[in-house]
Amino acid sequence: MTASTVPALRPLTLGPHQVWPPVVLAPMAGITNVGFRRLCREQGGGIYVCEMITTRALVERNPKTLRMIAFGDDERPRSLQLYGTDPEVTAAAVRIVVERNLADHIDLNFGCPVPKVTRRGGGAALPWRRRLFARLVTAAVAAASPAGVPVTVKMRKGIDDDHLTYVEAGLAAQEAGVAAVALHGRTAAQRYSGTADWDAIATLKQALDVPVLGNGDIWEADDALRMVAHTGVDGVVIGRGCLGRPWLFADLEAAFNGRPERRMPTLGEVALTMRRHAELLVDQFVAGARNPTRGERDGCTDFRKHVAWYLKGFPVGGELRRSLAMIESLAQLDDLLGKLDPAEPFPVTALGQPRGRTNSPGKVFLPDGWLASRDDDTVPEGAEMDDSGG
């Protein structure tokens, strides 16, 4: 798609916030912490959502959860995703966010397909219980609206192809007063397999008046333009596509502004980005540690998971890859990065390829009798999780 055929878009409006380009970083457990979000924000504009926070853990003031709710001093708007299954607990959590000024935007998670979540009736399973879903979203919006904090929802098409919920849930969320709805074009049963259904995203866009965001299979900036052209969405949500490629947000900003440039960094430039990422993580962990040495080690340990994503497609030997994935200090990282060939060109074969989790379809674990009644609004017993992440 050329610059002359870029779909016409306006800034994404979320309450008082005008977002350009209309790009959202999806919350990813263990990934979208302060350091990673800053690295991405240095590349381009958008909304960068922190890791998922469970409502029960927030209400009970779980120390780990409170540490996860951290934003950079210049991070605006501050975006927080909440996971919950109980309308009253969710409302209480939203009130804490509002009263303590913890975030400027709240997203509600109805898209997680992880078994430990769906077997409790949460995440992608919850919209099937339409009355419970409506109660929960309504409670969140009511708690947030007096402070002018916009609430959005992120969901999947449904549990599986025989139990689709996305249009009905989108209409219910709109009726409850959400600022936008994001749809991942897969069912919970698909997990991260197959191809995202952009036609379903287009169907939802046609059904709603509030902004609709599309999520799924955006590996390159031009994929985002194609999604907008195909579906008419008001913006895009980026998940796995940015793993090991934070410069994707620079490409997205250029694409939405009609510019043709796309980054294909050499291995030397990738190494500089890796060093910056590790440095930001170390800064984050040192700030929260009593012992700076322990903080550096923890930051480097957190960085390890990113190594394979950064080096995807590059001809880097297995021993060097393994060593990079075992670093304990920035000095060690510097030494190993110095062994890379800085002139090695970006592997074009890696363009447009899936990144991160690419699993097979599977059974969706649900509470006993979950599918029997769509109008049962009882909160599933034991559904509320007291730890964050998912």
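Residues numbered from 1 in each chain as written. Predicted model: local features only at pLDDT ≥ 70, side-chain atom pairs only at ≥ 80, totals over all residues. Heavy atoms only, no water.

A. Inspection of the overall build of the protein chain at higher detail. If you tally the helices and strands in the protein chain, you get 15 helices and eleven strands. Its C-alpha atoms give the protein chain a radius of gyration of 21 Å, near enough to 21 Å, the size a compact globule of 390 residues would have. For the protein chain, the spread of C-alpha atoms along the principal axes amounts to about 60 × 55 × 40 Å. When each of the 390 residues of the protein chain is scored for burial, the buried share is 56%. Considering only residue pairs separated by 6 or more positions, the protein chain has 74% of its internal contacts joining residues 24 or more positions apart. In the structure as shown, the protein chain presents an accessible area of about 15800 Å², 49% of it carried by carbon and sulfur atoms. The distance from the centre of the 46 positive side-chain charges to the centre of the 47 negative ones in the protein chain is 2 Å. (Helix = DSSP H or I, 4+ residues; strand = E, 2+ residues; numbered from the N terminus. Rg over C-alpha atoms; globule rule 2.2 N^0.38 Å. Buried < 20%, exposed > 50% of the residue type's maximum accessible area, 1.4 Å probe, protein only. Contact = heavy atoms within 4.5 Å. Areas by Shrake-Rupley, 256 points an atom, 1.4 Å probe, with all protein chains shown as cover. Lys, Arg positive; Asp, Glu negative; His and termini not counted. Charge placed at Lys NZ, Arg CZ, Asp CG, Glu CD.)

B. View of the pattern of salt bridges. A full pass over the atoms with the stated rule returns 25 salt bridges. With its nearest N and O atoms 3.1 Å apart, the salt bridge here joins Arg130 to Glu168. With Arg130 in helix α6 (residues 130–144) and Glu168 in helix α7 (residues 166–176), the pair connects residues that are 38 residues apart, well separated along the chain. By relative accessible area, which is 31% here, Arg130 ends up partly exposed. Residue Arg130 pairs with Asp375 through a salt bridge whose shortest N-O separation is 2.8 Å. Of this pair, Arg130 sits in helix α6 while Asp375 sits in the segment after α15 (330–337), and the two are 245 residues apart along the sequence. Residue Asp375 is classed as partly exposed on the basis of its relative accessible area, which comes to 36%. Salt bridges sharing partners connect three or more residues here, namely Arg38, Glu42, Arg275, Arg276, Glu279 and Asp334. (Salt bridge = Lys/Arg side-chain N within 4 Å of Asp/Glu carboxyl O.)

C. Representation of the packing of aromatic side chains in the model. Throughout the structure, instances matching the rule amount to six aromatic pairs. Considering the side-chain rings of Phe110 and Phe133, the 4.7 Å spacing of their centres and the 65 degrees angle between planes classify their relative orientation as edge-to-face. Placement of the pair is Phe110 in strand β7 (residues 105–110) and Phe133 in helix α6, with a sequence separation of 23 residues. The burial state of Phe110 is the same as that of Phe133; both residues are buried. Above the plane of the ring of Phe365 lies Arg119, whose end atom (NZ or CZ) is 5.0 Å from the centre. (Phe/Tyr/Trp six-rings, centres within 6.5 Å; stacked < 30°, edge-to-face > 60°. Lys NZ or Arg CZ within 6 Å of the ring centre and 35° of its normal.)

D. Representation of the state of the cysteines within the structure. Counting across every chain of the model gives zero disulfides. Distance from the sulfur of Cys112, which forms no disulfide, to the nearest cysteine sulfur (Cys50) is 15 Å. Residue Cys112 is classed as buried on the basis of its relative accessible area, which comes to 8%. Looking at Cys242, it has no disulfide partner, and the nearest cysteine sulfur is the one in Cys40, 5.0 Å off. Taking the relative accessible area as the measure of exposure, Cys242 reaches 0% and is therefore buried. (Disulfide = S-S within 2.5 Å.)

E. Structural detail: the UniProt feature "domain: DUS-like FMN-binding" (unreviewed entry) in the protein chain. Residues given the UniProt feature "domain: DUS-like FMN-binding" (unreviewed entry) here are residues 25–332. Summarising residues 25–332: 45% helix, 11% strand, and an end-to-end C-alpha distance of 30 Å. (UniProt positions renumbered as here; feature names shortened; annotations may be inferred.)

F. Focus on the domain arrangement of the protein chain. For the protein chain, the assigned domains are domain 1 (12–257) and domain 2 (267–350). Each of domain 1 and domain 2 has a C-alpha centre, and the two are 29 Å apart. Here domain 1 and domain 2 share an interface that buries about 1200 Å² over both sides, 67% of which is from carbon and sulfur atoms. Contact with domain 2 buries surface across domain 1, with Leu39, Gly244 and Trp247 losing the most and accounting together for 34% of the total. The tally of links from domain 1 across to domain 2 stands at one salt bridge. At the boundary of domain 1 and domain 2, one finds five residue pairs in polar contact (both at pLDDT 80 or more). Looking at the side of domain 1 that touches domain 2 residue by residue, the classes come out as seven nonpolar, four polar and four charged. (Domains from an automatic or database assignment. Buried area = accessible area lost by both parts, 1.4 Å probe. Polar contact = N/O pair within 3.5 Å; in protein donor to acceptor, adjacent residues only side chain to side chain. Nonpolar A, V, L, I, M, F, W, Y, C, P; charged D, E, K, R; others polar.)

G. Summary view of the side chain of Gln81. Assignment of secondary structure puts Gln81 in strand β6 (residues 79–83). Since its relative accessible area comes to 2%, Gln81 is described here as buried. Of the polar contacts made by the side chain of Gln81, one reaches the side chain of Asp107; its length is 2.8 Å. Setting aside its immediate chain neighbours within four residues, Gln81 contacts Pro27, Val49, Cys50, Glu51, Met52, Ile53, Asp107, Leu108, Asn109 and Lys154.

H. Fine view of the sheet that holds strand β11 (residues 235–238). Taken together, nine strands build an open sheet; the order of strands is β4-β3-β11-β10-β9-β8-β7-β6-β5 and the sheet is parallel. Because the sheet does not close on itself, it has two edges, and the strands there are β4 (47–48) and β5 (53–54). The pairing of strand β9 (residues 180–184) with strand β10 (residues 212–215) spans four bridges and is parallel. Along β10, the bridge assignment pairs Ala182 with Leu213. Across the sheet, α6 lies against β7 and β8 (151–156), angled at about 170 degrees from β7, the strand it touches most. (Pairing = 2+ DSSP bridges. Axes fitted to C-alpha atoms, helices over the stretch in contact; angles between N-to-C directions.)

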